[in-house]
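An overview of the molecular structure
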Amino acid sequence: MRRADLADADCGIAQALGVLGDWWTFLIVRDIAGGTTRFDPLQRELGVSRRALTERLAALVAHGVLEKRPYSQHPPRFDYLLTRKGEGLLPVLVALQDWGTRHLMGDGELTATAEAGSPEARRVHGLVGRRLPEVALAGADGRPVAPSAAGDWTVLYFFPGAYAPDAHGYPPGWGDIPGARGCTLESTTYADRYPALRAAGAEVRGVSTQRPDQLAAFAAYARLPFPLLSDSDGRLAAGLLLPTFRAGGVERFKRLTLLVDPGAVVRAVQFPVTDPAGSVDEMLDLVRRSRPV
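Since we're looking at a predicted model, the values are computed, not measured.

A separate point is the side chain of Ser-148. Mapped onto the elements of the fold, Ser-148 is located in the loop between β4 (144–145) and β5 (153–158). Ser-148 has contacts with Leu-132, Thr-154, Val-260 and Ala-264, leaving out every residue within four places of it along the chain.

What follows is about the environment of Leu-53. Relative to the helices and strands, Leu-53 is located in helix α4 (residues 50–62). Judged by its relative accessible area of 0%, Leu-53 falls in the buried class. As for Leu-53 and Pro-165, which are separated by 112 residues in sequence, their C-alpha atoms are 50 Å apart. Apart from the residues within four sequence positions on either side, Leu-53 is in contact with Ile-28, Phe-39, Leu-42, Gln-43 and Val-48.

Inspection of every chain in the model, using the stated rule, returns 19 salt bridges. Notably, a salt bridge pairs Glu-87 with Arg-235, separated by 2.9 Å at the nearest N-O pair. Here Arg-235 lies in helix α10 (residues 235–240) and Glu-87 lies in helix α5 (residues 84–87), a separation of 148 residues in the sequence. The exposure class assigned to Glu-87 is partly exposed, which follows from its relative accessible area of 27%. Among the residues examined, Arg-235 registers a relative accessible area of 26% and is labelled partly exposed. Of the charged contacts in the structure, one is a salt bridge between Arg-143 and Asp-141, with a shortest N-O distance of 3.9 Å.

Here we take up the nonpolar core. In terms of nonpolar packing, the biggest core is built from 46 residues, with Ile-32, Leu-57, Leu-66, Phe-158 and Leu-258 touching the most fellow members. The element that contributes the greatest number of residues to this core is helix α2 (residues 23–33), accounting for five residues. Not counting residues up to four positions away in its chain, the partners in contact with Leu-66 are Ile-32, Leu-57, Leu-60, Val-61, Tyr-80, Leu-81, Leu-82 and Thr-83. Judged by nonpolar contacts, the second largest core, of 27 residues, contains Trp-153, Ala-191, Leu-197 and Ala-268.

This part is about the sheet that holds strand β3 (residues 137–139). Read across the open sheet, the seven strands follow the order β4-β3-β7-β6-β5-β10-β11; overall the sheet is mixed. Both edges of this open sheet fall to β4 and β11 (266–270), since each of them pairs with a single strand only. With two bridges joining them, β3 and strand β7 (residues 228–230) adopt antiparallel strand pairing. Following the sheet pairing, Ala-138 is matched in β7 by Ser-230. Across the sheet, helix α8 (residues 183–199) is in contact with β5, β6 (202–208), β10 (256–260) and β11; its angle to β6 comes to roughly 160 degrees. Packed on one face of the sheet, helix α11 (residues 276–290) meets β5, β6, β10 and β11 and runs near 15 degrees to β10.

Once that is clear, we can look at unusual backbone geometry. Negative phi characterises most residues that are not glycine, and trans characterises most peptide bonds. Between His-74 and the following residue, Pro-75, the backbone shows a cis peptide bond with an omega angle of -5 degrees. Considering the arrangement of structural elements, one finds Pro-75 in the loop between β1 (66–72) and β2 (77–82). With an omega dihedral of -5 degrees, the bond running from Phe-271 to Pro-272 counts as a cis peptide bond. Mapped onto the elements, Pro-272 comes out in the loop between β11 and α11. Here the phi dihedral of Arg-223 falls at roughly 55 degrees; this positive angle occurs in a residue that is not glycine. One non-glycine residue, Ala-264, lies in positive phi territory at about 70 degrees. Inspection of the secondary structure puts Ala-264 in the loop between β10 and β11.

Definitions and limits used
Residues numbered from 1 in each chain as written. Predicted model: local features only at pLDDT ≥ 70, side-chain atom pairs only at ≥ 80, totals over all residues. Heavy atoms only, no water. Helix = DSSP H or I, 4+ residues; strand = E, 2+ residues; numbered from the N terminus. Contact = heavy atoms within 4.5 Å. Buried < 20%, exposed > 50% of the residue type's maximum accessible area, 1.4 Å probe, protein only. Salt bridge = Lys/Arg side-chain N within 4 Å of Asp/Glu carboxyl O. Core = buried A, V, L, I, M, F, W, Y, C linked by side-chain atoms within 4.5 Å. Pairing = 2+ DSSP bridges. Axes fitted to C-alpha atoms, helices over the stretch in contact; angles between N-to-C directions.

Right, dumping it as structure tokens:
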């Protein structure tokens, strides 16, 4: 009897596992979300046999999780891309990453930061040299915006959550979560330093998992001169395996900052960020030192 035949027809978990039945399948979806979309690079990065990879890719295409898009006719070659159904798995990947980091690699305590030498910190600093996935995030008005500014260096700072004073968006106990506080201070400091960052040749983007309307209200309250972007569906979080924590029923970014060059390649990382305001001046100095004269 096939494993799919054992699935409980009324249980969504059982049905999902009938499609995503082993750990290789999750890792394939993870790497495709991160921008590795072709067979040979997938096989090299995962270390899986070609036969096993072929079978799992075919199954994911058959279930509508992936679609094949040809990039060569002779010989026939394809990119494997997430469908809308496949993108619906991204919050699952983010939640698995959070659970594994907190409960398997950590001590189980809820935190919005990390130790400097932790596996989580090593993973984030390993993003240097990595190109951002080709995704668009929702701006404060709901329209899609690229995370990095075309033709410019970009300071991309990720924050747990920031709300206008009348929004009442912070969950209970927010101030007791290590590293959670300081988002308003960080954003307003970036607003103060924005002219200097622009003079140094960099744009600024703030990214949170909050809804676009919440970000719009906060940006108006704080008078931010740069856009805030919503990654509420986890596209960038899953694509880069960014550190998150769960509070108030929502996956939220741990505070970190990426410096991205005009080619959308990460050139510097700040993580963990323990001084939200001080990190802005450190990033300004990084921008000035990283850009070619």
